[in-house]
Amino acid sequence: MAVRTTELVIIGAGPAGICAALEAASHGVKTTLVDRGEELGGQLIKQTHKFFGWHKKSAGTRGVLIAKKLAEEVLNNENITLLNSTEALGYYDDGTLLVETPRGIDRVLGDRLIVATGASERMLLFPGNDLPGVYGAGAVQTLMNVHGVRPGDSVLMIGSGNIGLIVSYQLLQAGVRVAAVVEAMPTIGGYAVHASKIRRLGVPIMTRHTIKEAYGKEQVEGAVIWELDENWNGIPGTEKDLEVDVVCLAIGLTPLAELLWQCGAEMAYIPELGGFVPLYDETMETTRKGVFVAGDVAGIEEASTAMAAGRMAGLSAARSLGKVSDLDYSRLRNEIAGELEGLRSGPASAKILSGIAKMRAMLQSVKEAAAVSEAEPANQPANQPADQPANRPAKQAASEPAKEGDLAEAGARDSEAQGNNGSKSEEAVGA
Amino acid sequence: METGRSSCKTRIEDHPILDFPARKEVTFTWEGQELRGYEGEPIAAALHAAGIKVLHTSHKSKRPRGFFCAIGNCSSCLVVVNGVPNVRACTEKLREGMRVQRQEGTGPAPRSRE
Ligand SMILES: Cc1cc2nc3c(=O)[nH]c(=O)nc-3n(C[C@H](O)[C@H](O)[C@H](O)COP(=O)(O)OP(=O)(O)OC[C@H]3O[C@@H](n4cnc5c(N)ncnc54)[C@H](O)[C@@H]3O)c2cc1C
Ligand code: FES
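What counts and how
- Residues numbered from 1 in each chain as written.
- Chains lettered and ligands numbered in written order.
- Predicted model: local features only at pLDDT ≥ 70, side-chain atom pairs only at ≥ 80, totals over all residues.
- Heavy atoms only, no water.
- Helix = DSSP H or I, 4+ residues; strand = E, 2+ residues; numbered from the N terminus.
- Buried < 20%, exposed > 50% of the residue type's maximum accessible area, 1.4 Å probe, protein only.
- Contact = heavy atoms within 4.5 Å.
- Areas by Shrake-Rupley, 256 points an atom, 1.4 Å probe, with all protein chains shown as cover.
- Phe/Tyr/Trp six-rings, centres within 6.5 Å; stacked < 30°, edge-to-face > 60°.
- Pairing = 2+ DSSP bridges.
- Axes fitted to C-alpha atoms, helices over the stretch in contact; angles between N-to-C directions.
- Buried area = accessible area lost by both parts, 1.4 Å probe.
- Salt bridge = Lys/Arg side-chain N within 4 Å of Asp/Glu carboxyl O.
- Polar contact = N/O pair within 3.5 Å; in protein donor to acceptor, adjacent residues only side chain to side chain.
- Core = buried A, V, L, I, M, F, W, Y, C linked by side-chain atoms within 4.5 Å.
- pLDDT = per-residue confidence, 0-100.
- Left-handed = near helix turned anticlockwise from the far one by under 90°.
- Nonpolar A, V, L, I, M, F, W, Y, C, P; charged D, E, K, R; others polar.
- Patch = residues over 30% accessible without salt bridge, like charges linked within 9 Å, V, L, I, M, F, W, Y side chains within 5 Å.
- Expected span 1.5 Å × (residues − 1).
- Arc of directions from axis to C-beta.

Asker: Describe in detail the overall build of chain A, supporting the description with residues and values.
Answerer: A count of helices and strands for chain A gives 11 helices and 19 strands. For chain A, buried positions account for 59% of its 431 residues. Contacts in chain A between residues far apart in sequence, at least 24 positions, make up 65% of those at least 6 positions apart. About 17,000 Å² of surface is accessible on chain A, with carbon and sulfur atoms providing 53% of the total.

Encoded structure:
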């Protein structure tokens with residue numbers, strides 16, 4: 001088992017992790033950037049469309065090209081060591097990060113850690129949801145846009161947020177038929193430009209509709225959709241049978257935060273941020289000292305904010321390592337905070353901002369409880385704010401399909417108990 | 001056991017935005033049947049291109065499983081590669097001569113190194 005020592009370890013080389021690495025490296029921090037993928041760029045490497053968002057450098061550029069540019073900057077930076085095709089497995093109390101490389105398990109010892117692992121797809125509950133052919137939108141994009149393989153001949157898209165609309169268009173570009181886009185909400189979730197693009201190509205977008213079931217012997221051979229009433233119940237008699245071999249789920253993302261759970265950072269369920277997120281302060285530091293976060297793992301948003309938040313995390317880590325002067329620090333911190341504020345000034349960001357406010361209030365009460373327990377060490381277990389129900393999740397949300405779970409065995413995958421209407425409210429990228 | 005409908009149109013050749021560079025073709029086997037794919041692509045991509053979607057069966061009810069997340073998150077795509085079970089087909093790269101098998105439940109106990 002090889003051991004590598006470094007000043008800063010960053011997990012995830014999406015826009016957040018890359019920008020964190022570039023910022024920290026610019027202050028002379030020896031940085032190790034870990035990603036389980038081979039290519040750098042996270043979600044960006046699948047995005048063939050021109051990006052929305054207002055990032056001064058990147059608006060209007062295709063995601064794949066943004067990724068390429070960022071990757072070049074990383075590869076040319078002598079302070080950054082890249083460990084690609086390397087998965088982070090666990091972070092231990094002594095600061096050991098265990099990683100699996102193509103050659104085996106290694107240890108990476110860093111003084112600081114930034115978790116920028118992004119997000120994973122939400123699951124939806126319906127009979128047949130475990131059949132091969134039911135794929136997440138990210139999987140469809142990976143297969144099609146990274147590996148050049150069509151996911152099937154004919155697709156039913158679930159969710160009309162920007163992801164559902166954009167992936168539908170990408171499917172059409174790749175020569176795949178999109179039978180319909182169904183949306184449980186009464187209105188289309190994504191931008192009108194994306195919706196009209198696919199409508200012009202003959203794809204019906206059916207609001208107040210959802211999937212009733214997917215069927216097939218060994219894999220998806222068809223799917224039944226139906227209309228929903230005001231109480232989100234299917235209306236008998238409105239069923240339509242579609243001949244499709246792929247059902248694509250685009251009902252939103254949820255933070256990929258397992259490593260943060262595992263390393264003991266305080267977590268909270270905040271629907272506005274996409275599910276369970278770590279509690280973190282303005283410097284992006286979690287309740288576990290020296291562990292910072294940035295990007296979708298801290299709340300589902302978009303690439304431009306992920307990049308700015310990544311810079312903030314990189315700056316804070318560099319600062320805590322004593323690499324940034326007071327003057328530079330306050331200048332840069334104000335600059336990045338101002339950029340984030342600008343990016344979040346639109347009406348679409350109201351939800352994110354209220355989620356962050358909620359999260360900060362929880363962080364505050366955790367800190368206060370910790371201060372109390374420190375004052376009375378005999379009464380409270382260390383680091384355990386025992387009477388903080390808000391921070392003690394009542395239920396464990398599944399951030400990934402639990403295909404082998406009991407529900408899966410019954411032919412239904414686990415889902416967050418949130419019904420079919422996730423697409424509008426959950427896709428922060430679109431709003 | 002059926003391996004699913006095969007389709008010759010699954011590889012994207014012309015794309016309005018993306019170029020897929022020419023890659024080296026390799027031969028591998030799926031359930032003993034010889035197939036061709038590109039070196040270094042995920043095993044799941046090569047199988048998908050050959051029309052094979054069922055990769056695994058569930059432990060209890062033996063329900064068919066295919067890939068789902070494509071990034072190594074969900075363990076829905078487990079296959080047996082050269083006798084080693086629990087290999088994620090969506091992230092494991094295809095190599096010349098690989099013997100890939102569908103994994104039934106937990107798969108066989110790994111043998112000592114061949
Ligand atoms: C279809 C679609 C369209 C979008 N369109 C836009 C748009 O037009 N404009 C916009 O601003 N945003 C858009 N977004 C959103 C944007 O892509 C994301 O918000 C952004 O990529 C988040 O960046 P990130 O760095 O936090 O995470 P990601 O980009 O998801 O990167 C996370 C990285 O972490 C790695 N990782 C995870 N776990 C581990 C582990 N255990 N070990 C090692 N590595 C790990 C992953 O491999 C990945 O590379 C879109 C998203 C989608 C899905
Ligand atoms: S498809 Fe999810 S782990 Fe392979």
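Asker: Pulling in residues and values, what's your account of the packing of aromatic side chains?
Answerer: Counted by the stated rule, this structure contains three aromatic pairs over all chains. Ring centres of A:Tyr135 and B:Phe67 lie 4.6 Å apart, and the angle between their planes is 70°; this geometry places the pair in the edge-to-face category. Taken together, the positions of A:Tyr135 in strand β8 (residues 134-136) and B:Phe67 in the loop between β4 (64-65) and β5 (78-81) put the pair across two chains. Clustering of aromatic rings is evident, with ring pairs tying together A:Trp261, A:Tyr269 and A:Phe276.

Asker: Just give me the short version of the sheet that holds strand β13 (residues 222-227) of chain A, but keep the residues and values in it.
Answerer: Hydrogen bonds between backbone atoms are what pair the strands of a sheet, whose relative direction is either parallel or antiparallel. All names here are of chain A. Here three strands make up an open sheet; going across it, the order is β12-β13-β14 and the pairing antiparallel. Every other strand in the sheet has two partners, leaving β12 (209-215) and β14 (240-242) as the edge strands with one partner each. Across this sheet, the average inter-strand angle for adjacent strands is 30°, counted without regard to direction. One ladder, built from three bridges, connects β13 with β14; its direction is antiparallel. Following the sheet pairing, alanine 223 is matched in β14 by leucine 242.

Asker: Before we move on, could you go through the sheet that holds strand β10 (residues 177-183) of chain A and cite the residues and values that matter?
Answerer: All names here are of chain A. The parallel open sheet is built from five strands, whose spatial order is β8-β15-β9-β10-β11. Of all the strands in the sheet, just β8 and β11 (205-207) have a single pairing partner and so form its edges. The mean angle between the axes of side-by-side strands here comes to 25°, regardless of whether they run parallel or antiparallel. One ladder, built from three bridges, connects β10 with β11; its direction is parallel.

Asker: A description of the interface of chain A and chain B should follow, citing residues and the corresponding values.
Answerer: Opposite the 47 residues of chain A that make contact, chain B presents 43 residues. Here chain A and chain B share an interface that buries about 4,000 Å² over both sides, 49% of which is from carbon and sulfur atoms. Linking chain A with chain B are six salt bridges, by the criterion used here. Two residues, A:Glu87 and B:Arg88, come together in a salt bridge whose shortest N-O distance is 3.0 Å. If you look at where chain A meets chain B, you find 11 residue pairs in polar contact (both at pLDDT 80 or more). Elements represented by at least two residues in the side of chain A that touches chain B include exactly β8, α3 (137-146), β15 (246-249) and α10 (406-409) of chain A.

Asker: Residues and numbers for the nonpolar core, please.
Answerer: The tendency in soluble globular proteins is for nonpolar side chains to be buried side by side. In this structure, A:Ile18, A:Leu33, A:Leu70, A:Leu97, A:Ile114 and A:Leu260 are the most contacted members of the largest nonpolar core, which totals 77 residues. Looking at this core, the element that brings in the most residues is helix α7 (residues 303-320) of chain A, giving 10 residues. Discounting chain neighbours no more than four positions away, the residues touching A:Leu70 are A:Pro15, A:Ile18, A:Cys19, A:Leu22, A:Leu44 and A:Met307. Core analysis: the next-biggest nonpolar cluster, separate from the first, contains 47 residues, A:Leu143, A:Cys248, B:Leu47 and B:Phe67 among them.

Asker: Account for the confidence of the model for chain A, with residues named and values stated.
Answerer: Scored by pLDDT, chain A comes out at a mean of 87, with 85% of its residues at no less than 70. Low pLDDT, under 50, characterises residues 384-431 of chain A; the predicted model gives this stretch 149 contacts beyond four residues in sequence or across chains.

Asker: Account for the packing of helix α1 (residues 15-26) of chain A against helix α2 (residues 63-75) of chain A, with residues named and values stated.
Answerer: Residue and element names in this part refer to chain A. With their axes 10 Å apart at the nearest point, α1 and α2 run at an angle of 35° to one another. Where α1 crosses over α2, the handedness of that crossing is left-handed. Between α1, through Pro15, Ile18, Cys19 and Leu22, and α2, the contact on the second element is made entirely by Leu70, Glu73 and Val74. When grouped by side-chain class, the residues that make up the contact of α1 with α2 number six nonpolar, no polar and one charged.

Asker: Help me get a handle on the side chain of B:Arg11, residues and values and all.
Answerer: Take B:Arg11: it is sitting in the segment before β1 (25-30). A polar contact of 2.8 Å, which involves the side chain of B:Arg11, links it to the side chain of B:Glu41. For B:Arg11, the contacting residues outside a window of four places in its chain are A:His147, A:Gly148, A:Val149, A:Arg150, B:Arg23, B:Gly37, B:Tyr38, B:Glu41, B:Ala46 and B:Ala49.

Asker: Give a detailed account of a nonpolar patch on the surface, specifying residues and quantitative values.
Answerer: Residues and elements named next belong to chain A. On the surface, a cluster of nonpolar side chains totalling about 300 Å² of accessible area is made up of Met1, Leu89 and Ile105. Relative to the helices and strands, leucine 89 resides in strand β4 (residues 87-91). We classify leucine 89 as partly exposed; its relative accessible area is 39%.

Asker: Requested: an account of the environment of A:Leu65, with residues and values cited.
Answerer: Residues and elements named next belong to chain A. Within the secondary structure, leucine 65 is located in helix α2. Leucine 65 sits in the partly exposed class, given a relative accessible area of 45%. Sequence separation between leucine 65 and leucine 44 is 21 residues; the distance between their C-alpha atoms is 8.3 Å.

Asker: Break down α7(A) for me, citing the residues and quoting the values.
Answerer: Residue and element names in this part refer to chain A. The first and last C-alpha atoms of α7 sit 25 Å apart over 18 residues, in line with the 26 Å expected at 1.5 Å per residue. With 16 of 18 residues buried, α7 lies mostly within the body of the structure. Of the residues trailing α7, glycine 322 is marked for its positive phi of about 75°.

Asker: Let's hear about helix α8 (residues 326-343) of chain A: which residues, and what values?
Answerer: Residues and elements named next belong to chain A. Across its 18 residues, α8 extends 26 Å between first and last C-alpha, which sits within 8% of the 26 Å expected from 1.5 Å per residue. Within α8, burial applies to Tyr329, Leu332, Ile336, Glu339, Leu340 and Leu343. Relative to the axis of α8, the buried residues are bounded by an arc of 105° and lie together on one face. Counted as exposed and oriented over 90 degrees from the buried face of α8: Asp326, Leu327, Asn334 and Glu341. The inward-facing, buried residues of α8 abut α1 and α7.

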